[in-house]
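Structural overview
Chain by chain, the residues run as shown.
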Amino acid sequence: MISYKPLLHTLLDKGYKKTDLYKLIGASSTTVAKIAKNEYISLKTIDDICTALNCKIEDIVEHLD
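The structure reproduced in this document is the subject of the present report.

1. Section: the overall build of the chain
- The helix and strand tally for the chain stands at 4 helices and 2 strands.
- Tracing the chain from N to C terminus, the helices and strands come up as β-α-α-α-α-β.
- Computed over C-alpha atoms, the radius of gyration of the chain comes to 11 Å, within 12% of the 11 Å expected from 2.2 N^0.38 for 65 residues, which places it in the range of a compact globule.
- Each principal axis of the C-alpha atoms in the chain carries an extent, and together these give about 30 × 25 × 20 Å.
- Within the chain, buried positions represent 32% of all 65 residues.

Structure, rendered in C-alpha cells:
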C-alpha cells in the first residue's frame, strides 16, 4: 500500500498546508482528496509535487507492507 504521510510532514516542514497543493502544482480538489485517502495519483503529479517542494520522492510517498 502507498502512503502519502511523508508528504504531509514535508509540507509542514516547508510551511505549507495540504490545501496549498492547489496553488503549488495546480492540483484539483479530486487529486488532493485522493492524497488524503492514500489513493493512486499519477507519477506526473508526484513529479510536480517534488519539483514544487524541491524534494525527493521519498519525501512524498512511502510503501507500506
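2. Things to note about the side chain of Thr31
- Tracing the backbone through its elements, the reader meets Thr31 in helix H3 (residues 29-36).
- According to the relative accessible area criterion, Thr31 is buried, its value standing at 18%.
- Those residues within four positions of Thr31 in sequence are excluded, and the remaining contacts are Ile41 and Thr45.

3. Points about helix H4 (residues 43-53)
- Residues Thr45, Ile46, Ile49, Cys50 and Leu53 constitute the buried set of H4. Seen along its axis, H4 keeps its buried residues to an arc of 140 degrees; they face one direction. Exposed residues pointing more than 90 degrees away from the buried face of H4 are listed as Leu43, Lys44 and Thr51.
- Those residues of H4 that are buried lie in contact with helix H1 (5-13), helix H2 (21-25) and H3.
- Immediately downstream of H4, the backbone of Asn54 shows phi near 55 degrees, a positive value.

Thresholds applied
- Residues numbered from 1 in each chain as written.
- Predicted model: local features only at pLDDT ≥ 70, side-chain atom pairs only at ≥ 80, totals over all residues.
- Heavy atoms only, no water.
- Helix = DSSP H or I, 4+ residues; strand = E, 2+ residues; numbered from the N terminus.
- Rg over C-alpha atoms; globule rule 2.2 N^0.38 Å.
- Buried < 20%, exposed > 50% of the residue type's maximum accessible area, 1.4 Å probe, protein only.
- Contact = heavy atoms within 4.5 Å.
- Arc of directions from axis to C-beta.

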